[in-house]
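Analysis of the macromolecular model
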Amino acid sequence: EVDSIQNALGLINQLKPRSFYFDTANVYGMNFNTQKQYGLIAQDVEQVLPELVSSASKAATYDTAGTVLTQAVTYKNLNYMAFTAILVKGMQEQQHTIDSLRNTTLQQDFINASLLTAKQQQDSINTALQNQLNQLLSIITDCCNAGENRSMNVSPSNGNESQTLTKQMEVQLSNKNIVVLNQNVPNPFAEQTTITYYLPETVNRAQIVFFDQSGKLIKTVELREKGKGQLNVFANDLTNGIYTYSLIVDGQTVETKKMVKQ
């Protein structure tokens, strides 16, 4: 039966590579190398991968008179060839982790760029609104000053009463053309949370997109109604973690927020 190797990195992390010298003065007639060795101890490997450890025996040797020259011994062997497959699988798992981290970094860079664009757009809107307010204040001030200068006394025919005429101006402010994405409530949440938003009539197309904690797109919701809206999010089958959702209006990311499932 052929099967894949599972959790190779976990197995590798449990192994204990060592340096050692063989006992060259043994009584078993083992012709060990006298140089420093690097490898694994069979008794250590047996705790992690017992199937790679086997037992072997060396019989005693005698001279012609029957005297024991070297004693019999039973020792453990390691299947070093099997470690090649484990190391290959471990490298593949490590590369998969590296690729996942790289994808997460790229996705975060995309989100950061979107947030920067949204901030620049909001700054532009704020600047435009401030300029409009400054212009309105200037108009109101000029109007008031002009009204004071143009106030005049009108004497009726009897000459005993006076009447003051003042010019007036009305100003109406509105934020109905501003796009709004609110933080989900509650946050953190267990099974259900709510996201509210506002879309002005000038919007052609709007979407809310959801990303998981690795940066993968998990859901896109089309927002077809203008004005105030509410999105009820159910996450019974969602694993715990940090997720993001972004409001995209006419192809531009307006704002991104984080939500926590626990």
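Below is a summary of the structure that appears in this document. Just so it is clear, the model here is predicted, and its values are computed rather than measured.

Overall, antiparallel pairing links the 4 strands, which are arranged E10-E9-E12-E13 in an open sheet. Both edges of this open sheet fall to strand E10 (217-223) and strand E13 (252-261), since each of them pairs with a single strand only. Recorded for the sheet is a direction-independent mean angle of 20° between the axes of neighbouring strands. Across 6 bridges, strand E9 (residues 206-211) lies against strand E12 (residues 241-249) in antiparallel orientation. Residue pairing across strands places Ala206 opposite Val249, the latter belonging to E12.

Take the sheet that holds strand E8 (residues 192-199) next. Within the open sheet, the 3 strands sit side by side as E7-E8-E11. Their pairing is antiparallel. With one partner strand each, in any of the chains shown, strand E7 (180-181) and strand E11 (227-234) form the two edges of the open sheet. As paired strands, E7 and E8 are joined by 2 bridges and run antiparallel to one another. Counted as the bridge partner of Val180 is Tyr198 from E8.

That bond from Val185 to Pro186 is cis: its omega, -5°, falls within 30 degrees of zero. A cis amide bond links Asn187 with the next residue in sequence, Pro188, at an omega value of 10°. Looking at the secondary structure, you find Pro188 in the loop between E7 and E8. Even without being glycine, Asn7 reaches a positive phi, approximately 55°. Inspection of the secondary structure assignment puts Asn7 in the segment before helix H1 (8-14).

Turning our eyes to something else, we now look at the environment of Asp3. Structurally, the position occupied by Asp3 is in the segment before H1. The class of Asp3 is exposed, set by a relative accessible area of 65%. In sequence terms Asp3 and Val221 are 218 residues apart; their C-alpha atoms lie 41 Å from each other.

A few words now on the side chain of Thr256. Locating Thr256 in the fold gives a position in strand E13. For Thr256, a relative accessible area of 14% translates into the label buried.

Rules used throughout
Residues numbered from 1 in each chain as written. Predicted model: local features only at pLDDT ≥ 70, side-chain atom pairs only at ≥ 80, totals over all residues. Heavy atoms only, no water. Pairing = 2+ DSSP bridges. Helix = DSSP H or I, 4+ residues; strand = E, 2+ residues; numbered from the N terminus. Axes fitted to C-alpha atoms, helices over the stretch in contact; angles between N-to-C directions. Buried < 20%, exposed > 50% of the residue type's maximum accessible area, 1.4 Å probe, protein only.

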